[in-house]
Amino acid sequence: MSSTEAWARILRNQVSRAYGIVRHHIQSSIWKGIKEEYPTVLENASWSLGNGRKIKFWLDSWSGAPFINDCDAASLSVLGINTEATVAEMFSNSGSTVPAAWLDHFPFLEARISGAVISDEQFDDDLCWKHSINGSLTLKEAHNYKLKALPPPPWAAAIWNSHIPPSKSLLLWRVLHDKIPTDDQLCRRGFFTISMCLLCMVHAENTNLFFSCAWASGLWDWLVNCLNMQVRFSYSIFWNIFLKVNSPRGAFAVKFAGIMVFNAIWSAHNATRFSNISPCMSNIKASIVAQVKFCCEKSGYCFRHNLSDFDILKAFQIRINPPKAPLIREFFFNPPPFYWMKCNVDDSFVHNTQSLGCGGIFQNCLGDFYLAFAEPLSWNSSLFAEFCGALHGIELAKDRGWTNLWMEFDSSVVVKTLSLENFDHVPWQLRNRWLNCIKFVLDSNFIISHICREGNSCADFFANLGCTSNSFTLFDSLPVDIRNDCKK
């Protein structure tokens with residue numbers, strides 16, 4: 001949309017006009033696929049305000065939905081409003097120059113305009129994709145948007161693991177998508193043949209080969225005995241059974257053993273069909289045990305004390321690998337130097353209510369409370385909340401003239417972004433505020449540091465308050481519930 005790459009600039013010159021996009025055909029293999037989705041892109045895009053010269057004040061989405069959606073044509077004509085006016089014409093260095101008559105006729109304008117932040121730096125306006133952090137519409141973002149309505153299958157995250165060979169997981173993925181070339185699948189594709197399961201020589205071969213075949217059932221019965229369970233294996237049982245295992249090491253062993261049974265059945269089927277080699281059950285069992293033992297011990301997963309999990313690991317000759325003893329640390333408040341102010345910031349997310357908030361607390365060199373804030377947020381991103389908290393902390397220090405500021409976060413991304421003065425990770429909605437805050441930081445004595453989550457409990461308290469509050473709140477006095485933690 002606003003890409004500076006060569007192909008994007010060339011394509012914009014070909015299809016972009018003042019009234020929109022061209023309606024006639026052009027010779028472009030790229031545009032042929034893009035033009036059908038172009039309206040969807042515009043519906044999910046919003047302008048990031050720069051100098052305001054590209055953005056139409058009434059017609060474009062730059063401070064929420066376009067203003068013209070909430071206006072009637074009669075009022076616009078009575079006031080003589082030019083709907084083609086740009087945002088740059090409505091703002092000056094001192095702020096908004098919107099006429100008072102407009103604000104009287106359209107009361108919503110004042111609140112919407114006051115929420116817009118103009119950067120002190122002059123740069124071009126940028127059309128951003130609403131659903132990404134940095135505003136870029138990449139192929140990955142487009143793919144995620146098109147598939148967001150499709151819930152992932154329950155097994156999606158279960159079969160893929162960095163410690164399981166992808167070739168083993170891929171076979172199970174093909175089975176679950178009904179892409180295995182069994183006889184019934186070949187018949188559907190026009191390859192008619194007399195079907196017979198080559199492993200049990202009893203039933204016709206079909207997609208249920210992995211569970212209905214008598215030979216395959218013997219292999220599943222062996223796995224059930226290893227797990228000390230009395231169940232009849234099926235697809236649903238396979239996905240639910242490893243969820244009941246308490247330790248990560250045991251769950252990985254059960255999952256990988258099941259995947260290896262699928263691979264062993266299919267390998268035995270192919271060996272019988274193409275090489276005329278009868279499968280040896282004892283060799284297959286030994287191979288499964290060896291591979292499960294090797295991958296499980298390489299994974300580094302720990303064992304939690306449970307007798308049933310212990311039996312599973314012993315069945316596959318896997319070492320226990322108990323977890324390391326916990327390292328207990330006590331965190332104390334590290335005060336700033338004299339005449340400095342310290343601000344701790346955190347974010348919070350409540351899963352039950354799906355609410356997000358940020359908060360922070362200011363303390364002086366003696367650890368005395370000065371100020372705190374909490375704010376609810378509508379954007380469902382922890383990173384967005386962390387950056388919002390950082391911006392509120394810097395803006396409050398700027399308003400009160402605290403030029404000696406020390407800020408602490410438990411987010412390493414925010415710390416790196418502030419340290420390097422880079423805004424690649426800053427959400428595009430906050431970019432102007434971030435640039436204004438960076439200017440204040442460069443003109444001040446500023447320290448930034450990282451703190452463990454356990455040592456940031458005071459800021460976490462106010463972040464939790466932000467999740468339950470209705471609007472941005474400032475605290476001039478310390479709540480009773482947090483006084484003991486602030487004394488540490």
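Residue numbers run consecutively from 1 along every chain, following the written order of its sequence. It should be noted that, the model being predicted, local features are given only for residues of pLDDT at least 70 and side-chain atom pairs only at 80 or more, the latter also being counted only at that level, while totals for whole chains, interfaces and linings use all residues. Hydrogens and waters are ignored; side-chain quantities use all the structure's heavy atoms.

**Section: the overall build of the protein**
- Numbering of helices and strands runs from the N terminus, with a helix taken as a DSSP run of H or I at least four residues long and a strand as a DSSP run of E at least two residues long. Counting its regular elements, the protein contains 20 helices and 12 strands.
- Here the globule rule is a power law, 2.2 Å times the number of residues to the power 0.38, and the radius of gyration is based on C-alpha atoms. In summary, the protein has a C-alpha radius of gyration of 31 Å against a globular reference of 23 Å for 488 residues, an excess of more than 25%.
- The classification of residues rests on relative accessible area computed with a 1.4 Å probe and restricted to protein chains. Under 20% of the type maximum is buried, over 50% is exposed, and intermediate values are partly exposed. Out of the 488 residues belonging to the protein, those deemed buried represent 44%.
- Here a residue-residue contact requires only that any non-hydrogen atoms of the pair lie within 4.5 Å. Counting contacts in the protein only where the partners sit at least 6 residues apart, residues at least 24 apart contribute 66% of the total.
- Computed by Shrake-Rupley with a 1.4 Å probe, the accessible areas treat only the displayed protein chains as cover when residues are assessed. Per element, the accessible surface of the protein, about 27,000 Å² overall, is 55% carbon and sulfur.
- The convention is simple: Lys and Arg are positive, Asp and Glu are negative, and His and the chain ends are not counted. Where a charge lies is defined by one atom per residue type: Lys uses NZ, Arg uses CZ, Asp uses CG and Glu uses CD. Charge-centre separation for the protein: the mean point of 43 positive side chains lies 11 Å from the mean point of 43 negative side chains.

**Section: the pattern of salt bridges**
- By salt bridge we mean one thing: a side-chain nitrogen of Lys or Arg within 4 Å of a carboxyl oxygen of Asp or Glu. Within this structure, the stated rule accounts for 11 salt bridges.
- With a closest N to O distance of 3.4 Å, Lys146 and Glu37 form a salt bridge. A residue pair is termed long-range when its members are at least 10 positions apart, and Lys146 in helix H7 (residues 139–146) and Glu37 in the loop between helix H2 (29–34) and helix H3 (38–43) qualify at 109 residues.
- Using a relative accessible area of 31% as the deciding quantity, one classes Glu37 as partly exposed.
- Look at the salt bridges and you will find they share partners, linking Asp183, Glu205 and Arg273 into a network.

**Points about the nonpolar core**
- Each nonpolar core is a collection of buried residues, namely Ala, Val, Leu, Ile, Met, Phe, Trp, Tyr and Cys, held together in the definition by side-chain atoms within 4.5 Å. Of all hydrophobic cores here, the largest spans 48 residues; its most connected members are Leu219, Ile265, Ile288, Val292 and Phe316.
- Secondary-structure elements contributing two or more residues to this core are helix H8 (166–176), helix H10 (209–212), helix H11 (214–226), helix H13 (248–275), helix H14 (281–299) and helix H15 (307–315).
- Sorting elements by how many residues they give to this core places H13 first, with 13 residues.
- Apart from the residues lying within four places of it in its own chain, the contact partners of Leu219 are Val261, Ala264, Ile265, Met281, Ile284, Lys285 and Ile288.
- The next biggest cluster of nonpolar side chains, apart from the first, holds 34 residues, and it includes Leu396, Leu418, Trp434 and Cys437.

**As for the side chain of Asp125**
- For Asp125, the position within the fold is in the loop between helix H6 (108–114) and strand E6 (126–129).
- Here Asp125 occupies a buried position and makes no salt bridge, while the nearest side chain of opposite charge, Lys54, is found at 6.6 Å.
- Polar contact is the term for a pair of N or O atoms within 3.5 Å; when the atoms are in protein, one must be able to donate a hydrogen and the other to accept it, and sequence-neighboring residues count only if both atoms are side-chain atoms. Here the side chain of Asp125 touches Gly50 through a polar contact of 2.7 Å, landing on its backbone nitrogen.
- At 3.0 Å, the side chain of Asp125 forms a polar contact with the backbone nitrogen of Arg53.
- Setting aside chain neighbours within four positions, we find Asp125 in contact with Trp47, Ser48, Leu49, Gly50, Asn51, Gly52, Arg53, Lys54 and Ile55.

**Points about the packing of aromatic side chains**
- Centre distance within 6.5 Å is the pairing criterion for rings of Phe, Tyr and Trp, where only the six-membered ring of Trp is used; planes under 30 degrees apart are then read as stacked, over 60 as edge-to-face, and the remainder as tilted. For the structure shown, the criterion picks out 26 aromatic pairs.
- Look at Trp220 and Phe262: their rings are 5.3 Å apart centre to centre, the planes differ by 75°, and that puts the pair in the edge-to-face class. With a gap of 42 residues between them, Trp220 in helix H11 and Phe262 in helix H13 connect regions that are remote in the sequence.
- Taking the relative accessible area as the measure of exposure, Trp220 reaches 2% and is therefore buried.

**Focus: the sheet that holds strand E11 (residues 445–450)**
- The pairing criterion is simple: DSSP has to find at least two bridges between the two strands. Here 6 strands make up an open sheet; going across it, the order is E11-E10-E7-E8-E9-E12 and the pairing mixed. Across the chains shown, the open sheet's two edge strands, defined by having one partner strand only, are E11 and strand E12 (473–475). Averaged over all pairs of adjacent strands, the angle between strand axes in this sheet comes to 20°, irrespective of strand direction.
- In terms of strand pairing, strand E8 (residues 355–363) meets strand E9 (residues 369–377) through 8 bridges, oriented antiparallel. Within E9, the residue paired with Gly357 across the bridge is Pro376.
- Note on method: axes are straight lines fitted to C-alpha atoms, helices fitted across the in-contact stretch only, with angles between N-to-C directions ranging 0 to 180 degrees. Contacts between helix H19 (residues 457–468) and the sheet are confined to strand E7 (341–350), E8, E9 and E12, with E8 contributing the most and set at about 140° to the helix.

**Thoughts on the confidence of the model for the protein**
- Confidence of the predictor in every single residue is expressed as pLDDT, which spans 0 to 100. The share of residues in the protein with pLDDT of 70 or more is 92%, and the mean pLDDT across the chain is 83.
- Mean pLDDT across the elements of the protein bottoms out in helix H12 (residues 235–241) (61) and peaks in strand E10 (residues 404–409) (93).

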